[in-house]
Amino acid sequence: MTNLSRRNALKNLGAIMALPLFMQTKLFSSENAKKGFKLITDGEVITGAHWGMLKLTIKNGKIVKSEPYEKISKIKNPFLELTGDLVYAKDRIKYPYVRKSYLQNPDDPKPELRGRDEWVRVSYEDAINLIAKELKKTRKKYGAEGVFAGSYGWKSSGNVQNSRILLHRFMNMTGGFVGVLGDYSTGASQFIMPHVMGTLEVYEQQTSWPVVLENSKVVVIWGANPIVTLRISWTVNDDLGLKYFEDLKKSGKKIIFIDPVKNETCQFLDAEWIAPNPNTDVAMMLGMMYELYNSKKYDKEFLENYCVGFDKFLPYLLGKNDETPKTPEWAEKISGVSAKTIKELAHTIFDNRTMIMSGWGMQRAHHGEQPHWALATLCAMTGQIGLPGGGFGLSYHYSGGGVPTAKGGVVGGITTGSTNSGGAEWLEVASKYSFPLARISDALLNPGKTIDHNGQKIAYPKKIDFIYWVGGNPIVHHQDTNKFLKAWQLPRTIVVNEIYWTPTARLADIVMPATTSYERDDISMVGDYSNIAIVPMKQAVKPIGESRNDFEIFRDLAEKFGVKDKFDEGKSELEWIESFYEGAYKQVLSMNLIELNGVDMKPFKEFWQENKPVKFLSTMESESYIRHGDFREDPILNPLGTPSGLIEIYSETIEKMHYDDCKAHPMWFEPIEWLGMKNKPAEFHLVSSHPTDRLHSQLNNTSLREHLAIANREPVWINEDDAKAKGIKNGDLVRVFNARGQILAGAFVTKNIKKGVLKLSEGAWYDPLNSSEENTLCKNGSANVLTIDIPTSKLANGNIAHTALANIEKYSGEAPDLTIFKHPDPKA
């Protein structure tokens, strides 16, 4: 426990808050020192990040080495070595800055100059006062609906310094804000799957890997790249997901990989590669379902006892209501996969216990509600849902889905302080004013517009005047960048807490310098699904420049609104960490895990000084877990969360919505752009995959880019035959373009991509050639310059990042210098 009593802590806090802000921070540091916790200037510090537990070597107060705390998988994760790059980046935001025109007159801030205006360095206290003053001004004129703070992104790991939750906490305590529904990752599936399976599916535990390795005869990986995406987790990566894919490779099982790109996972597993045209997965699945029905290889009993609506879906499958039977031959014309292959695949998954591991890319597409609905229907026909090693899983590629869950204490986290909050933290709806995340451009450009969403009508705010964004990079993250930039000019005030001069920070009005997670204390679980450990995220080095913790920034803003005591509850950041740890410690004591399981968990002070993770053990129950196993055993006693309690192949709930772009059963809808369309607006289908060398846009400013860039740009994969036809050679600088925009990239010529397809990973930082010119060239290859910003359908309103056609040509001009990684303030 701490050396300070609760009463003394509150008394000291009261005295502290009477002092200037810059002195408060120093005193909070001394408060921590009084507890016996000192900053290590020479030695090792254990901490955590999205990419795993880290061991940092400190010399003379500086990080000189970063490495894994322990290595479980043999698959190398280069992110674990980049801590020094992140802390000492040349483009660190070291001080508060305000855009010159905004500082001169916040009521006439000339938003069209965002990205081109000069930056003026101001004091921290002046920046806090300015933010508070302008937020109060907006609230007085427009109310809570004038303030947007949805602020979605992959914020830093840690349960106290959760920038998004801290922002929502502050906003809720000072008058409210406009939030968001859903996310970019699973915008379609998280809304359709509750109608089909009664749960999100995408963010839930999978049939355990030990069960898969023991029982599955065939594993199909459909539209995923887990060898890349399992390098990261939403909390702290446990490295176990990659280890299980190593085990899968050694298992000798038949592995089938379905994707237009023969990516790192397919190559690692040496899997059989089936390459459909992008966005045609539903047609393939329908062709497989037709083959199963036509050959009488389907589980009639399962469909009758565990599903509803197959009889209503069947006329569509057989073509009785549209004169188009969904035969393998029909599917071949759409998908580009031969009817023979489609038939063989159908028989393979029926004749063998098969686990289909699906990624999320297929649902980030026009009509993205359909693929996972169709996949559930296909697996229902095989009758394998709920059987050991059978059925489907939508999270094996994400955060270690399928890794058995440990029995132990779970640390809590800071909350939004809102009675409206609930559900998964990353999907938390903390505001009564919310709209789908992927519709932010539409909301800014069309104030007051009413849209359909999942059976409801949602009205956009009439005026968003003030945006506060933390923990994300929307200029890069959102689709159709040029459209987004027009929308971004409409609010009067944009405030960003940021570590680096990202494209979003450069297009803000007020920029607050945030610390990295290595310059502050925090705590986290390890493993999103496994909860295998608690890791202390102990401060490793002093903050760079005048950067502040997000907790400090929002606590100081809360003081300007008279709610500081409500915001921090009289506790310092370390005291919050201690309270969360002690809560988990009590759980461990109550379960007697120290004696029964040998868990080495000690009171907080010992834990923090020792600076080692507390590890837990998985249970026999978690290792034998079968997703939907209880439902399979007894659908009456263990119903699904659907209206019928069964798998809804046909949804009467959706039928009553009367949407023209999402009917009552899974269907093939032609995307707005795809390779099979007539009068194509461009030649190639562009797939904007998750990057191998980043976490979305994070890490784009590290040394890893130097090794992976081609022609000093983001690589674009192109089939060798397509490249030859275009006169493009490996390493060439190329222009990729369509009606929405244009980018420069470096050509990677390969046979490991389907003809007619380009792969350009999302997340490269937007770097405009001429920011005053409309649809200017992005010099760094940001994929969302080329993507489409329309909803998946009226049901989910997700993004359609993987639905886009583009052209490619060898670039003939002089290669422009990149400027996005240079500090915009030459005096800094």
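If you're wondering where the values come from, they're calculated on a predicted model, not measured in any experiment.

(A) Seen up close, the sheet that holds strand β21 (residues 522-526). The antiparallel open sheet is built from three strands, whose spatial order is β21-β22-β23. With partners counted over all chains shown, the strands left at the sheet margins are β21 and β23 (614-615), one partner each. Relative to β23, strand β22 (residues 533-537) is paired through two bridges, and the arrangement is antiparallel. In the strand pairing of β23, Ile-534 is matched with Val-614. Here helix α24 (residues 573-590) sits on the sheet and contacts β21, β22 and β23; the angle it forms with β21, its principal contact strand, is near 35°.

(B) Here's a closer look at the packing of aromatic side chains. Across all of its chains, the model carries 37 aromatic pairs by this definition. Through a chain of ring-to-ring contacts, the aromatic side chains of Phe-148, Phe-435, Tyr-460, Trp-469, Phe-484 and Trp-488 assemble into a single cluster. Above the plane of the ring of Phe-561 lies Lys-136, whose end atom (NZ or CZ) is 4.9 Å from the centre.

(C) Up close: the sheet that holds strand β1 (residues 43-49). Reading across the sheet, the three strands line up as β1-β2-β3 and stay open at both edges, with antiparallel pairing between neighbours. Of all the strands in the sheet, just β1 and β3 (62-68) have a single pairing partner and so form its edges. Across this sheet, the average inter-strand angle for adjacent strands is 30°, counted without regard to direction. The pairing of β1 with strand β2 (residues 52-59) spans seven bridges and is classified as antiparallel. Residue pairing in the sheet places Glu-44 in a bridge with Thr-57 of β2.

(D) Geometry of the packing of helix α5 (residues 124-142) against helix α22 (residues 550-560). Packing of α5 against α22 leaves a shortest axis separation of 10 Å and a crossing angle of 55°. In terms of their interaxial angle, α5 and α22 are classed as oblique. Crossing of α5 against α22: the hand is right-handed. For the pair α5 and α22, contact is made by Tyr-124, Glu-125, Ile-128, Asn-129, Ile-131, Ala-132 and Lys-136 and by Glu-552, Ile-553, Asp-556, Leu-557 and Lys-560, respectively. Each residue belonging to the contact of α5 with α22 can be placed in one class, and the counts come to six nonpolar, one polar and five charged.

So, how was this worked out
Residues numbered from 1 in each chain as written. Predicted model: local features only at pLDDT ≥ 70, side-chain atom pairs only at ≥ 80, totals over all residues. Heavy atoms only, no water. Pairing = 2+ DSSP bridges. Helix = DSSP H or I, 4+ residues; strand = E, 2+ residues; numbered from the N terminus. Contact = heavy atoms within 4.5 Å. Axes fitted to C-alpha atoms, helices over the stretch in contact; angles between N-to-C directions. Phe/Tyr/Trp six-rings, centres within 6.5 Å; stacked < 30°, edge-to-face > 60°. Lys NZ or Arg CZ within 6 Å of the ring centre and 35° of its normal. Parallel < 35°, antiparallel > 145°, perpendicular 65-115°, else oblique. Left-handed = near helix turned anticlockwise from the far one by under 90°. Nonpolar A, V, L, I, M, F, W, Y, C, P; charged D, E, K, R; others polar.

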